[in-house]
Amino acid sequence: MDISRRNLIKTTLAASAAAAAGLTIGCKKKEAPQTETSAQAPQATTTAAATPSTVAVDNWVKGVCRMCGTGCSIYVGVKDGKMVAIKGNVDSKTNTKGFLCIKGMNIWKVAYHPDRLTTPLIRKNGKLEPATWDEALTLIETKFKEFHKKYGYDSVAYYGSGQCTTEESYTFNKIWKGGFGSNMMDGNPRLCMASAVAGYLSSFGSDEPAGAYEDIENAKCIFITGSNTSEAHPILFRRISSYKRQNPNVKIIVCEPRKTQTSKIADLWMPSLPGTDLAIFNGMAREIIKNDWHNKEFIARHARFTQGDGSQAATFDEYIKFIDKYTPEYVEKVTGCPAASVKQAAEWFAKSGATLSLWCMGLNQRSNGVWANNLIHNLHVITGNIGKPGADSFSLTGQPNACGGVRETGSLAHLLPGCKPVTIEPWRKHVESYWKVAEHSINPSKAINPKPGFPAVKLFSSLGGENEADKPVKAVLISTTNPAQTLPNLNKFVPNIKNAFTVVIDIFPTRTAQLASVVLPASFLYEKGGVYGCSERRSFLTQKAIEPLEGTRADLWIACQIAKRMGLEKYIAWSNEEDIVKMAEMAWNDYIGCTANTEKTLAGATYKRLKESTTGVQWPCPSEDHPGTYKRYVKGMDPIFDDPKRYGYNIPADADMFFYGRPDGKINVFMRDAEPKASEKISKEYPFLMTTGRVIEQWHTGTMTMRIPETAAAHPNSYIEIHVNDAKKLGLSQGDMVKVESVRGENILPVRVVNMTLEGVCFVPMHDQKGNRMVNFICSDVVDATSGEPDYKVSAVKITKVSGPQKVDDRYVVTKAELDSPTFS
Amino acid sequence: MSIFDNIKNALNSFPVKSTYKINRMRPPGSVDDDLFMKLCIRCARCVEACPYRVLRRSSATKNAEIGTPYIYAEVAGCQLCMKCTSVCPTGAIDSSTVEMHQVAIGVARINEDTCMNHLYAKVESGELEPTGNMALCNSCLNTCPLKDEAIYLKDGIIPTITDKCTGCGLCVERCPITPIKAIYVVPKNMPDEETAGYYNYLKRIGKK
C-alpha cells in the first residue's frame, strides 16, 4: 500500500476503472514527497537494534552522560574499537539503579554520524577550505599575536562551554587569565548559570548548593520553580516523582507559567505570569512571618538582613515592613497566582520540617535572575530549611560540566579557580603565585588583571572586525558551544561573530561554524575522556573509551598547541605530553592543587581515585581518605570545620552550623523588590509573552540530538504552544503556520493549541536549527545587571497567521556544504 | 444498473477485501469501513488536500481497497488538521468532522514489553533487576495532540491511553523504539489483535 505519488497516478487509473468510480482524477504530477521520509528511514533501522541488552561488547568503559546537568553515570560499550552501546551504571548515586533517558542512551551514535568534521577548515574568499592542523594553528597564532600587539591582550577572547571537560576549561582559563593577562574569557554558563552563581555568592558568600540529590529522598516538601524538571532533568524528576509516589504525604509545589508534566505530580500548581514570580516568593515570606511559622532561632543565629541594594545591614523589623506590601491579594493581582495558593504554599514550605527548593533556567535566565535566586534563599533562611537532611536551596544546572568545569575552575570573566571573584586580591595573588604568572606570562604586566572581563552578551556586542573601532574585541576562540544560535537577539550578534576572527572548535557543522574564520574538528567526549562535575558538586571521570575519529583532536590538545605557539610552553606543563589521558591527568592535578585550600577542594579526588570510583566524589574532599561531602556548612559533615584556618576561614569552635563564605558566618536575607523593571512588557502591538525551554528528546542547539535518528524523529521541529482561547481569538487551529515576531526578529512556526499554559503566554522549544525557526532571533537581550545573564524567558511577541498547515518536520541540521554560506537558511 | 455499478458492487462485496492492518488508518472522519468502501470513489482529493503528505493510497495488491486513502502511521501520523474532511465529494469522509476531538479512526495501544517507560517502572518497583538498560522517554505523550486527554502518564511514568484517543498515529511515528515501535494503533473496525487475522500484531513480532 505504500506507494509514491508517481506510481499512485498509474494505479489510480486502474483503480478508477476497476472501481467504476466514474469521476475524473485531479492528480497533478508532482515530486514524490512520501519518499523523503523513507530516505531517512534506513539510518534508523541500521542503528536500531543496538540496545544494550542485545549488543555484544568487548568491554564497558566508565563515563558520564554528555547531556544535561544531572550527571548520570554510564558505561560505554566498546566492540572492535568502536562504541556500540551505552548503559546506565547501576551503582550510581545520581541516576539510581542506572536509569537513563532517551538522549543519554543514544548519544554514542553521533560519534559515527557522517557530518562529523574531520579536518581543520580555513575560510579563504568566503569559503571554508580544508587545511592541515599546522596551517590552521599557525594562522591562529599569527592572528592572536598580531591582535595582542595591535589592540592589546583584551582583544583576543575565549568563549567556552559547560560541556568542555574540567581539564580543558581549566587549561584555557590558565592560558587566558595568567598567560595572556586577560580576563576576556567567558562561557555559555553565563547564559544559564551566572544568576545562580551570583545568587549563591551574594547570599551565602560561596557558590554552589549546600546539599545534594540525596536531599530529594529526605525532603518533606519540594518546591520546584522555574524548572520543567520532567523535560530538562528527566532522571532527577523521576527520582522526585517515584519518591512522591511512595510517600504521598510529601508535598510538592510547582510554580510555573505552564502546567507542564512537572506539575502533574504537584499537590499545588502556582501559576505565575512570566517575570512576576518574585512577588510570589516575597508573598510567601510575608505569610510565613505573619503566621509565626518562621524559625526564630535560625534567624537569630544565621540570618543577616540586608538592604535590597546590598549596601548595608537592616533589621528583621525593617524586613517585615518591606515585605508587608506583598499581601496574597497583591500577589494574585501581579502574578495571576491565586491568593489561597500563596498561603498554602507558605504553610507547606515553612511547616513541612524539611523543604527542598529546586530551580533552573526559569529563575536564572531573567532580567532579575539574581534577585529571584536571593528570594528563594531568603525563604530557606527564615524557615531554617538549610543544613539538615532534605532541606536545601538547590539550583539545578543545565549543562553536564557547568558546575565542575566552569564555576569551580572559575572559567568566567569575573572568576578565578575556586569560584572566587578575580577582584579579591589575596586570592588573585595566590593564583598568580601558584601559576607562576610573574615568570611565564607573555603580558608585560606579569599579573592577572584585577578587572573582570566582559560577560558573554557584552563580549559578543564588543566583538567585531578590525575596521570597527567601537568593537574592542577582534578575535574569539569558541569551544564546544554554538553562540550563533544560543545568544539572544541573534540579529545583533551574528554580524559581529562573522566580522571578527572567529575560531570554532566543534564536532559538527554549526551555525557558529558557518560564520567562523577557522574551524577545528574536535574529538567527542568518549574519544578523549575527562572530568565532569554535576549540579550536586560531584566530579566524575569519563575514561577514554575509543580512539578519536581520524583527523579530530581533543580540545585540550588544541589548547596546549595554542599555548605552545604563544610562548607558554613551560607555563602549561602538560603541553608537551603526547598522550591525551596523561595530559588531562596533569591538568587535573594542577587544578586540584590550585584549589586545595578552598572550600571547593578536590585534593582528595586524585585521578587514581576517580578511575576506581563508580560514584564520583563530592567536594569538599580534602584528602584521599575523605569520602566526600553530602552537606556543606554543617559540623561533622563539612571538612572545612576540621581545619578552617587552612581554608582561610574563621569558624567559632562551638558553631555546629556556620556559613563561612561570609565573614560573619550568616546568610544575607535581601530585601529585594519583585518588580521586573528591565524585562520586556507586553504592549498593544506585541500582546503575548513568549517563554522558551527544553524538551526531553533534544539538547541545546540540537547539533547532536538532531543527528540521532530516534530523538530527531521524536522532536523534529520547533513549534509554538498557544492557549486554546488565544488561538480562538486569533483564528488559529492546530498546525497553522504563524509568524511570531518581536521588535528584534521573527520566526515562522507551526501552532500547537494547548490548554496547559496561561492565557497570553506562549512557549517555543529552543532546539531547532532552521533559520526561520531559531527562537533566539526573537528573544530579548536584556541582561541581569549583576550576573549578565540574558532574559530568555520573557519576550513580548505578536502572532499572525501566515498559512494553513505545512509539513515542517524536516529534522533540519546544518550540513558541511552550508558552512560556505553565512546565511541561515 | 449499469455495468459499472455491477463491477463496483461485486468488488465491494468481495469477501477478503478489508485487510485491516495495525498502524493503517483511514483519514480522520471516515465512516465505518463497510460504508467507506461503498462511498469512496478513489478520487484522491483527500490525498491532495493533506498538507503534511500523510495520506497514501492503497496499491493494487490490496484487493478491492486499491486507491483508497490510508494513513501509514509508522512513517507519518495524521496531524489532525482536518483539511481532508471537507473535500470528500461522497461523504466517505464525514465533512462534519472539524474538531480533533471528533476523530476516532483507531485506538493506540502500548507494547508493555518494549516500551521503555514500562520497563523503567518495572525496575523501579523491583519487578525487574536493574541492568542499566532502562531509559526514560515521554515522546508519545509529548507528541499527542490531545496530551493529557488521550494519553497521560500513570504514576508519572506509565503512558496510559484513554478512550479519547483519536488514533492519529503521531505517537507511533515519534516513538523512538525501532524498528518495531512500542506503541501501535489498532484502526477502527479492526476487531482486536486476536481476530485481526494475517496481520496480527503479535504474530508479526514473533510472539505467537
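Residues numbered from 1 in each chain as written. Chains lettered and ligands numbered in written order. Predicted model: local features only at pLDDT ≥ 70, side-chain atom pairs only at ≥ 80, totals over all residues. Heavy atoms only, no water.

Participant: Describe in detail the overall build of chain B, supporting the description with residues and values.
Facilitator: Helix and strand counts for chain B stand at 7 helices and 8 strands. By residue count, 60% of the 208 residues in chain B fall in the buried class. Contacts spanning at least 24 positions in sequence make up 61% of the contacts within chain B whose residues lie at least 6 apart. On chain B, roughly 8300 Å² of surface is accessible, and the fraction owed to carbon and sulfur atoms is 55%. (Helix = DSSP H or I, 4+ residues; strand = E, 2+ residues; numbered from the N terminus. Buried < 20%, exposed > 50% of the residue type's maximum accessible area, 1.4 Å probe, protein only. Contact = heavy atoms within 4.5 Å. Areas by Shrake-Rupley, 256 points an atom, 1.4 Å probe, with all protein chains shown as cover.)

Participant: Kindly report on the overall build of chain A, identifying the contributing residues and their values.
Facilitator: When its secondary structure is counted, chain A shows 27 helices and 29 strands. In summary, chain A has a C-alpha radius of gyration of 27 Å against a globular reference of 28 Å for 825 residues, a match within 12%. By the burial criterion, 67% of the 825 residues in chain A qualify as buried. At a minimum sequence separation of 6, the contacts of chain A that also span at least 24 residues come to 73%. When the accessible surface of chain A is split by element, carbon and sulfur atoms take 53% of a total near 26200 Å². Put simply, chain A has 99 plus and 86 minus side-chain charges, and the middle of one group is 3 Å from the middle of the other. (Rg over C-alpha atoms; globule rule 2.2 N^0.38 Å. Lys, Arg positive; Asp, Glu negative; His and termini not counted. Charge placed at Lys NZ, Arg CZ, Asp CG, Glu CD.)

Participant: Please provide a residue-by-residue account of the packing of helix H5 (residues 166-179) of chain A against helix H24 (residues 580-594) of chain A, values included.
Facilitator: Residues and elements named next belong to chain A. Orientation of H5 relative to H24, taken along the N-to-C sense of each, is 70°, at an axis distance of 9 Å. One way to sum up the angle between H5 and H24 is to call them roughly perpendicular. In terms of crossing hand, the pair formed by H5 and H24 is left-handed. Of H24, the residues touching H5 (which contributes Thr166, Glu167, Tyr170, Thr171 and Lys174) are Ala584, Ala587, Trp588, Asp590, Tyr591 and Cys594. Looking at the contact of H5 with H24 residue by residue, the classes come out as 6 nonpolar, 2 polar and 3 charged. (Axes fitted to C-alpha atoms, helices over the stretch in contact; angles between N-to-C directions. Parallel < 35°, antiparallel > 145°, perpendicular 65-115°, else oblique. Left-handed = near helix turned anticlockwise from the far one by under 90°. Nonpolar A, V, L, I, M, F, W, Y, C, P; charged D, E, K, R; others polar.)

Participant: Pulling in residues and values, what's your account of the domain arrangement of chain A?
Facilitator: Residue and element names in this part refer to chain A. The domains assigned to chain A are domain 1 (194-396 + 664-670) and domain 2 (688-820). If you average the C-alpha positions of domain 1 and of domain 2, the two centres end up 29 Å apart. Taken together, the contacts link 26 residues of domain 1 with 23 residues of domain 2. Around 2000 Å² of area is buried between domain 1 and domain 2 when both sides are counted, 60% of it from carbon and sulfur atoms. Counting the surface domain 1 buries against domain 2, the share from its top three residues, Arg258, Pro274 and Gln365, is 33%. Here domain 1 and domain 2 share 1 salt bridge between them. Where Arg258 meets Glu721, a salt bridge forms, and the shortest distance between an N and an O atom there is 2.9 Å. (Domains from an automatic or database assignment. Buried area = accessible area lost by both parts, 1.4 Å probe. Salt bridge = Lys/Arg side-chain N within 4 Å of Asp/Glu carboxyl O.)

Participant: Report on the pairing of strand S21 (residues 538-542) of chain A, specifying residues and quantitative values.
Facilitator: Residue and element names in this part refer to chain A. In terms of burial, S21 is a largely internal element, 5 of the 5 residues being buried. In this sheet, S21 lies alongside strand S20 (residues 530-533) in antiparallel orientation, the contact comprising 4 bridges. Looking at S21, one finds that Gly533 is bridged to Ser539. Linkage of S20 to S21, two consecutive antiparallel strands, is achieved through a turn of 4 residues, within which Arg537 is found at a positive phi near 65°. Across 2 bridges, S21 lies against strand S22 (residues 617-618) in antiparallel orientation. In the strand pairing of S22, Ser539 is matched with Val617. (Pairing = 2+ DSSP bridges.)

Participant: Explain the pairing of strand S17 (residues 475-479) of chain A to me, and be specific about the residues and the numbers.
Facilitator: Residues and elements named next belong to chain A. Buried residues dominate S17, accounting for 5 of its 5 residues. Side chains Ala475, Leu477 and Ser479 of S17 all project onto a buried face; the interleaved residues Val476 and Ile478 project onto the opposite face, where all are buried too. Alignment of strand S7 (residues 156-160) against S17, held across 4 bridges, turns out to be parallel. For Tyr159, the partnering residue across the bridge sits in S17 and is Ile478. Two strands pair when backbone bridges link them, and S17 and strand S18 (residues 501-506) are joined in this way by 5 bridges, in the parallel orientation.

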